[in-house]
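Take a look at the letters that make up each chain.
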Amino acid sequence: MSEQTLEIPCNIPADAVNPVEPFLRMDRMPHIWCPGCGIGTTVNCFTRALIDSHANLDKVAIVSGIGCTGRVAGYANLDSFHTTHGRAIPFATGLKLANPELQVVVYSGDGDLFAIGGNHFIHAARRNMDLKVICVNNLTYAMTGGQTAPTTPSKVISATNPYGVFEPAFNLVALAEAAGASYVARWTTFHVKQLSRSMEEVLRKKGFCFIEVISPCPTLYQRRNKMGDGLDTMKYYKQASKIRHGAPTAECDLTKSGEIVVGKFVDRDRPSYFEMLNSQMTETLGDRYAEPEVMCEQC
Amino acid sequence: MEDELAASITIQGAVWGGAKAFTVTSGPGFSLMMEHIGYAAMTETPCVFVDVQRGGPSTGLPTLPAQADMMQARWGSHGDYGIIALCPNSPQECFDLAITAFNLSEEFRVPVMLMLDECVGHMTEKVIIPDAAAIDVYPRRFTHLPPGEFRLFEPREDKVPDMVRAGDGYRFHVTGLTHDERGYPSMNVDTQRSSVTRLLEKLQPFTGERALSETADLEDAEVVVVSYGITSRVAQRAIDLARQKGVRAGKFRIISAWPFPEKHIAALAPKVKAMVVPELNLGQMVHEVERAAAGRCKVRLVPHAGGTVHNPEAILKAILEAAE
């Protein structure tokens with residue numbers, strides 16, 4: 001590299017940092033994710049959403065379960081919790097109940113949130129617990145070798161279905177809407193701007209919010225199904241995605257290589273868990289009810 | 001919450017949010033909570049689990065007594081770790097030891113098990129509840145260090161680290177993976193050895209000076225009945241009957257069952273002919289008594305498969321035979 005090329009570029013100061021660096025634990029880099037994996041892209045979108053929403057980062061907590069996406073919490077420069085398999089949502093529920101001023105984000109994968117943790121997802125949505133759930137859906141169990149997940153579409157080849165998946169898959173956005181989520185959106189890792197904007201939107205919205213992000217696993221899912229590498233998947237996402245805001249979620253099933261309906265499907269206001277609690281107790285107890293003070297300096 | 005898996009980790013989220021939290025269960029529910037007892041031990045999250053023991057295994061004997069979860073309380077989650085377990089034998093002690101359980105969980109940053117049995121759980125007796133001001137509360141030991149200097153799992157002299165709370169600006173990380181003092185995953189032999197060893201070592205005081213127990217008639221005892229929970233109340237009757245028959249029986253009631261008060265049992269063993277251990281199980285804590293006694297006295301189990309309490313005569317018979 002000549003001295004001339006060093007001088008020419010765009011006036012980047014010597015102490016310049018990537019704008020997302022302050023949101024990451026740089027002392028934990030490099031991360032564990034494979035080349036072509038989409039999780040890092042979603043984290044980049046998330047940091048952009050944090051910047052754009054002007055969130056007080058000391059009051060944002062992130063909770064992950066287990067798996068590739070489960071490692072996100074460890075890289076975010078926030079109060080962060082890497083919990084057990086499937087239990088990020090109940091942990092986050094406790095955190096939110098104890099300290100309602102926290103903005104609690106659950107960041108985990110499809111296997112974690114919808115197989116072992118599926119029960120907690122529907123109940124938190126039913127309660128309209130004030131959690132922002134971001135699910136990176138790579139359609140497989142990636143960390144453990146590409147086994148069939150409840151999200152793996154029919155006909156897909158996986159480690160546990162070498163002759164093709166025959167079980168129907170969960171439609172996550174339909175499940176979230178049916179269970180009571182206040183906000184439901186789906187994007188792919190190709191839609192970085194839209195994803196970032198959706199994340200910013202849920203950081204400002206109260207109640208149970210759910211964003212599904214379709215993301216490639218080139219190491220296992222794409223390779224085993226001869227779908228190319230990370231770049232080929234971006235081309236597929238670009239070509240196959242149809243933005244349909246407000247689309248009926250029941251029509252948003254995913255198939256192995258068909259159309260991917262993306263967009264914001266649900267944005268409604270339901271009373272939050274805290275509102276329902278306070279309203280019921282006030283109705284029953286009147287003046288005798290005092291909102292619980294769970295935070296105490298000496299406890 | 002929707003199930004025991006959720007309840008047992010929701011309390012831990014609440015603790016890291018700054019609250020004190022506990023959950024209550026029985027039998028199968030306790031089995032479901034095992035994973036998160038391990039998580040609480042590994043992440044050193046102070047919290048309390050109450051298990052009202054019923055007969056098992058599986059669904060077993062709902063609403064009927066047993067004391068067969070004692071080993072599970074100690075060993076039920078995978079891996080090496082330590083917990084504290086307390087065994088009340090009356091409603092008053094349920095109240096008092098619940099406070100102790102919270103205090104110990106804060107002092108040692110461990111999950112504390114309050115091991116009731118169905119009899120104690122359903123018992124009605126007078127309970128004196130003191131003024132709130134008269135109750136000793138061990139406050140959470142929050143760090144005084146500022147963010148940047150504080151390391152989440154750096155132990156103090158007593159091998160217990162200070163805590164923080166989410167939302168206070170520390171930007172800390174908690175994981176169930178083997179972690180270094182910063183809380184970062186560090187899956188290597190050295191970190192595993194030092195961190196897991198510390199999880200056990202910090203509880204060592206409970207094998208001796210910090211152990212909780214109730215004793216009576218030990219000075220001249222030739223046979224000591226070692227018991228806990230509801231069985232200790234049945235055993236008291238047997239001890240009284242033995243004394244009436246001229247056998248010098250004594251009482252060692254275990255209150256803190258885990259870590260096992262092995263130093264106390266070891267000190268007592270050479271002074272007596274035998275220890276009689278009645279339990280509402282087919283032999284659990286008796287193994288610990290045998291281990292601590294180390295052959296220096298006879299140890300005799302009085303088993304009971306559960307469903308009701310012992311007949312005092314069965315314990316008396318064991319005392320009389322042991323005294324011969």
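These numbers come from a predicted model, not from an experiment.

1. A closer look at the domain arrangement of chain B
Often, the extent of an interface is quoted as the loss of accessible area upon association of its parts.
Residue and element names in this part refer to chain B.
Piece 1. Here the domain parsing of chain B yields domain 1 (4–134) and domain 2 (213–323).
Piece 2. Here domain 1 and domain 2 have C-alpha centroids that lie 24 Å from each other.
Piece 3. When the area that domain 1 buries against domain 2 is broken down by residue, the three leading residues are Gln67, Met71 and Asn89, summing to 33%.
Piece 4. Taken together, domain 1 and domain 2 are joined by two salt bridges.
Piece 5. Salt-bridge contacts for Glu93 lead to Arg253; the nearest nitrogen and oxygen are separated by 2.8 Å.

2. Details of helix α2 (residues 39–53) of chain A
All names here are of chain A.
Piece 1. With 15 residues, α2 should reach 21 Å at 1.5 Å per residue; the first-to-last C-alpha distance of 21 Å fits that figure.
Piece 2. For α2, the full list of buried residues reads Ile39, Thr42, Val43, Cys45, Phe46, Thr47, Ala49, Leu50 and Ser53.
Piece 3. Downstream of α2 by one or two residues, His54 has phi in the positive range, about 55 degrees.

3. Description of the pattern of salt bridges
Piece 1. According to the stated counting rule, one finds 36 salt bridges over all chains in the structure shown.
Piece 2. Between Asp190 of chain B and Arg193 of chain B there is a salt bridge, with the nearest N and O atoms lying 3.1 Å from each other. A residue pair is termed a helical-turn pair when its members lie 3 or 4 positions apart in one helix, as Asp190 of chain B and Arg193 of chain B do in helix α7 (residues 189–201) at three residues.
Piece 3. Of the charged contacts in the structure, one is a salt bridge between Arg253 of chain B and Glu214 of chain B, with a shortest N-O distance of 2.6 Å. Of this pair, Arg253 of chain B sits in strand β9 (residues 249–254) while Glu214 of chain B sits in strand β7 (residues 213–216), placing them 39 residues apart in sequence.
Piece 4. Residue Arg253 of chain B is classed as buried on the basis of its relative accessible area, which comes to 4%.
Piece 5. Overall, Glu214 of chain B belongs to the partly exposed group, its relative accessible area being 30%.
Piece 6. Connected through salt bridges with shared partners, the residues Glu201, Lys205, Lys264, Asp267 and Asp269 of chain A form a single ionic network.

Rules behind the numbers
Counting from 1, residues in each chain are numbered in the order their sequence is written. Chain letters and ligand numbers both follow the written order, the letters beginning at A and the numbers at 1. Given that this is a predicted model, residues contribute local features only at a pLDDT of at least 70 and side-chain atom pairs are listed and counted only at 80 or more, while totals for whole chains, interfaces and linings are drawn from all residues. Side-chain metrics in this entry use all non-hydrogen atoms of the structure; hydrogen atoms and water are not considered. Domain limits in this description derive from either an automatic procedure or a database domain assignment. Reported buried area values correspond to the accessible surface (1.4 Å probe) lost by two parts on association, with both partners' losses combined. Here, a salt bridge means any side-chain nitrogen of Lys or Arg that lies within 4 Å of a carboxyl oxygen of Asp or Glu. Segments assigned H or I by DSSP are reported as helices when at least four residues long, segments assigned E as strands when at least two residues long, and all are numbered from the N terminus. In a helix, the anticipated span is given by 1.5 Å times the number of residues less one. Classification of residues uses two cut-offs on accessible area relative to the type maximum, computed with a 1.4 Å probe and protein chains only: under 20% is buried, over 50% is exposed, and between them is partly exposed.

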